[in-house]
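Residues per chain, in single letters:
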Amino acid sequence: QVQLVESGGGLVQAGGSLRLSCAASGRTGSAYAMGWFRQGPEKEREFVAAISWSGESTHYADSVKGRFTISRDNAKNTVYLQMNSLKPGDTAVYYCTSSITTGRAVGAMSAYDYWGQGTQVTVSS
């Protein structure tokens, strides 16, 4: 099936930036959307950003809009999340995900089928 591997997490001070990568392998193609979710300590997993596989549309959570940018490279089957102006509230495990049921950039967790193992992002104040 589809395997997703995240990388790029780490420790950063508030106001700094970080870039996450998600490499997809297996039965990858152009028929699915991809996105990022995150889960902080004692919190439920929440939507961060999504992108259609064509790259024609993106969708962001209000909390990260204007600070985070999602992008993709179809040739490399890779999705990125550029995070700028990081805040302590951004501290979480970030998960990459892909959907085989929709090609649109949607924020509903139920729309996604495959998940990576997650990468830790810690923002200090």
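Residues numbered from 1 in each chain as written. Predicted model: local features only at pLDDT ≥ 70, side-chain atom pairs only at ≥ 80, totals over all residues. Heavy atoms only, no water.

When its secondary structure is counted, the protein shows zero helices and 11 strands. The order of helices and strands in the protein, counted from the N terminus, is β-β-β-β-β-β-β-β-β-β-β. Taken over the C-alpha trace, the protein has a radius of gyration of 13 Å; the compact-globule value for 125 residues is 14 Å, and the two agree within 12%. Referenced to the eigenvectors of the C-alpha coordinate spread, the extents of the protein come out at roughly 40 × 25 × 25 Å. The long-range fraction of contacts in the protein, counting pairs at least 24 apart against all pairs at least 6 apart in sequence, stands at 58%. By element, 45% of the accessible surface of the protein is carried by carbon and sulfur atoms, the whole surface being about 6300 Å². One finds the centroid of the 11 positive side-chain charges in the protein at a distance of 5 Å from the centroid of its 9 negative side-chain charges. (Helix = DSSP H or I, 4+ residues; strand = E, 2+ residues; numbered from the N terminus. Rg over C-alpha atoms; globule rule 2.2 N^0.38 Å. Contact = heavy atoms within 4.5 Å. Areas by Shrake-Rupley, 256 points an atom, 1.4 Å probe, with all protein chains shown as cover. Lys, Arg positive; Asp, Glu negative; His and termini not counted. Charge placed at Lys NZ, Arg CZ, Asp CG, Glu CD.)

Bringing the nonpolar core into the picture now. For soluble globular proteins, nonpolar side chains are generally found buried alongside one another. Counting 35 residues, the largest nonpolar core has Met34, Trp36, Leu81, Met83 and Tyr94 as the members making the most contacts within it. Secondary structure elements with two or more residues in this core: β1 (2-7), β3 (18-26), β4 (34-39), β5 (46-51), β7 (68-73), β8 (78-83), β9 (92-98) and β11 (119-124). Considering each element in turn, this core owes the most residues, five residues, to β5. Look past the residues within four positions of Met83 in its chain and what remains in contact with it is Gly16, Ser17, Leu18, Leu20, Arg67, Phe68, Tyr94 and Val121. (Core = buried A, V, L, I, M, F, W, Y, C linked by side-chain atoms within 4.5 Å. Buried < 20%, exposed > 50% of the residue type's maximum accessible area, 1.4 Å probe, protein only.)

Another aspect to go through is unusual backbone geometry. Phi at Asn77 takes a positive value of approximately 50°, unusual for a residue other than glycine. With respect to the helices, strands and loops of the structure, Asn77 is situated in the loop between β7 and β8. Since its relative accessible area comes to 19%, Asn77 is described here as buried. The backbone of Ser85 sits at a positive phi, close to 50°, despite the residue not being glycine.

Applying the stated criterion to the full structure yields one disulfide. The disulfide bridge from Cys22 ends at Cys96, spanning 2.0 Å between sulfur atoms. An S-S torsion of about -80° defines the bridge between Cys22 and Cys96 as left-handed. Taken together, the positions of Cys22 in strand β3 and Cys96 in strand β9 put the pair 74 residues apart, joining distant regions of the chain. Cys96 shares its class with Cys22; the two are buried. (Disulfide = S-S within 2.5 Å.)

Across the sheet, which stays open at both edges, the four strands sit in the order β1-β3-β8-β7 with antiparallel pairing between neighbours. In the strand order of this sheet, the two ends are held by β1 and β7, each with one partner. With strand direction ignored, the average angle separating the axes of adjacent strands in the sheet is 15°. (Pairing = 2+ DSSP bridges. Axes fitted to C-alpha atoms, helices over the stretch in contact; angles between N-to-C directions.)

To continue, consider the packing of aromatic side chains. Note on aromatic pairs: each is described by the distance of the centres and the angle between the planes. With the rule as written, the count across this model stands at four aromatic pairs. Aromatic pair Phe37 and Tyr112: ring centres 5.7 Å apart, planes at 75°, arrangement edge-to-face. Of this pair, Phe37 sits in strand β4 while Tyr112 sits in the loop between β9 and β10 (114-115), placing them 75 residues apart in sequence. Like Tyr112, Phe37 is buried. Pairwise contacts between aromatic rings join Phe37, Phe47, Tyr112 and Trp115 into one cluster. Stacked on the ring of Tyr95, the Lys or Arg Arg45 has its end atom at 3.8 Å from the ring centre. The ring of Trp115 carries Arg45 above its face, with NZ or CZ at 4.9 Å from the centroid. (Phe/Tyr/Trp six-rings, centres within 6.5 Å; stacked < 30°, edge-to-face > 60°. Lys NZ or Arg CZ within 6 Å of the ring centre and 35° of its normal.)

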